[in-house]
Amino acid sequence: MTVPATTPTTPATPSASATPTTPSASTTAAAGAAAPAAGAEALRPHAEDAFADELAALAAADDRPRPARWRMSPWAVATYLQGGVLPDGTVITPKYVGPRRLIEVAVTTLATDRALLLLGVPGTAKTWVSEHLAAAVSGDSTLLVQGTAGTPEEAVRYGWNYAQLLAHGPSRDALVPSPLMRAMSEGMTARVEELTRIPADVQDALITILSEKTLPVPELGQEVQAVRGFNLIATANDRDRGVNELSSALRRRFNTVVLPLPATPDEEVDIVSRRVDQIGRSLDLPAAPEGLAEIRRVVTVFRELRDGVSTDGRTKLKSPSGTLSTAEAISVVTNGLALAAHFGDGVLRPGDVAAGILGAVVRDPAADRVVWQEYLETVVRERDGWKDFYRACREVSA
């Protein structure tokens, strides 16, 4: 028996006609105290909310063919990710700075029956790209399974409302759909973050979903069939600890797109500046361009230690144990801006980023501290215009 794909699963709710009770004074006070928080602006809005105007403008200007249940055409999705200017003058800001062909391949994959695997070292914007792809394709980036070592199979397939289960036995009303089951039923894009952190036996629950496009519910003698528009975006890396290799059977169900680290220093500076500016606006921090020199310095330090050689190619360097990714550079600069705003004059200076860089580089207190000290003495100390930065780093390293 096949469960109709359009049948929603609605949790039981109290009847609207139930006799209301009079709230106590303490209940009323608590509700009043909670009201401002409920209406407050989200600290980190979902992509479809943060860029709603751009998505609406793109959809309105988009006259190209759209796959079933897509909010816009593949061309418009790629433009949303990479940025551009619409005929009416609307500027679409780039969400991903990198090779356009990678984004085109990723979008095209979602338009087929193949799932998409975004692979790369930590900090290469896999999650960021995944979220924005789902927002552009389906208008909803929240159908998400967050992979951890403790992710259960129920998070991928379905669970049960145990009160309903005990009272009435297995039934459709007692079933709690996973984000993937909802995406299958509604023809949406689901996301699985950190796929390689999920235990191997739970990973393999995806095989039937991706190959047969069905999700069996043996307790009910039923199955959920995916409707057109359904697809899956997964992200994974093989650099962190706690990684579970994907089986060859599962890997074959994906088209893999490898997201690289930024190719040039200018590209990485641009990425860090844009993202810091977005985060800074939400936190009322100073504008990032005021500290562009420090952003470039942070990026230079990270790239040199990551590559194991100074920018001029003259000095070989040891690399620390951490990844020193673009995401970590964004975090260092954002924290520096907060220091400058709350404990300085609002301008990003060497002393504001020194502690953050130290924390990012020195993950292993023994080995990484030696790497950092050698870098300070052989490269930073001798570089023109970096004396203030050298002194600030020496102070926080003492």
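Before reading further, recall that the structure is shown in the block above.
Residues numbered from 1 in each chain as written. Predicted model: local features only at pLDDT ≥ 70, side-chain atom pairs only at ≥ 80, totals over all residues. Heavy atoms only, no water.

Caption draft 1: Layout of the overall build of the protein chain. For the protein chain, the helix and strand inventory stands at 17 helices and 11 strands. Taken across its 398 residues, the protein chain has 45% of its residues classed as buried. Contacts spanning at least 24 positions in sequence make up 71% of the contacts within the protein chain whose residues lie at least 6 apart. As displayed, the protein chain offers around 19700 Å² of accessible surface, 54% of which is attributable to carbon and sulfur atoms. (Helix = DSSP H or I, 4+ residues; strand = E, 2+ residues; numbered from the N terminus. Buried < 20%, exposed > 50% of the residue type's maximum accessible area, 1.4 Å probe, protein only. Contact = heavy atoms within 4.5 Å. Areas by Shrake-Rupley, 256 points an atom, 1.4 Å probe, with all protein chains shown as cover.)

Caption draft 2: Looking closely at the packing of aromatic side chains. In this structure the tally under the stated criterion is four aromatic pairs. Centroid distance Phe51 to Tyr80: 6.4 Å. Interplanar angle 80°. Geometry classified as edge-to-face. On the criterion of sequence distance, the pair formed by Phe51 in the loop between helix H2 (47–50) and helix H3 (52–61) and Tyr80 in helix H4 (residues 74–82) is long-range, its members being 29 residues apart. In this structure Phe51 comes out as buried when scored by relative accessible area, which is 13%. The ring of Phe51 has Lys95 sitting right over it, with the charged end atom 4.9 Å from the ring centre. (Phe/Tyr/Trp six-rings, centres within 6.5 Å; stacked < 30°, edge-to-face > 60°. Lys NZ or Arg CZ within 6 Å of the ring centre and 35° of its normal.)

Caption draft 3: Inspection of the layout of surface pockets at higher detail. Its boundaries defined by the atoms lining it, the largest pocket holds a volume of some 700 Å³. Residue assignment for the lining of the largest pocket shows that the elements contributing at least two residues are helix H6 (126–138), helix H12 (265–282) and helix H14 (326–343). Lining the second largest pocket are 20 residues, and of these Ala50, Phe51, Arg275, Gln278 and Ile279 sit closest to its centre. Within the residue set of the lining of the second largest pocket, elements represented by two or more residues are H2, H6 and H12. Residues that form the lining of the second largest pocket fall into these classes: eight nonpolar, five polar and seven charged. (1 Å grid on protein atoms, 1.4 Å probe; cavity = no way out; pocket = protein on both sides within 12 Å on 5 of 7 lines; lining within 4 Å. Points joined across faces, edges and corners; volume = space filled by probe spheres on them. Nonpolar A, V, L, I, M, F, W, Y, C, P; charged D, E, K, R; others polar.)

Caption draft 4: Summary view of unusual backbone geometry. The backbone of Glu194 shows a phi angle near 55°, a positive value even though the residue is not glycine. One can find Glu194 in the loop between strand E7 (189–193) and helix H9 (200–203). Phi at Lys213 takes a positive value of approximately 55°, unusual for a residue other than glycine. You can see Lys213 is positioned in the loop between helix H10 (206–212) and strand E8 (214–217). With a relative accessible area of 21%, Lys213 lands in the partly exposed category.

Caption draft 5: Molecular detail of the environment of Val105. Structurally, Val105 can be placed in helix H5 (residues 100–110). Along the sequence, Val105 and Ala78 sit 27 residues apart, while their C-alpha atoms lie 9.5 Å from each other.

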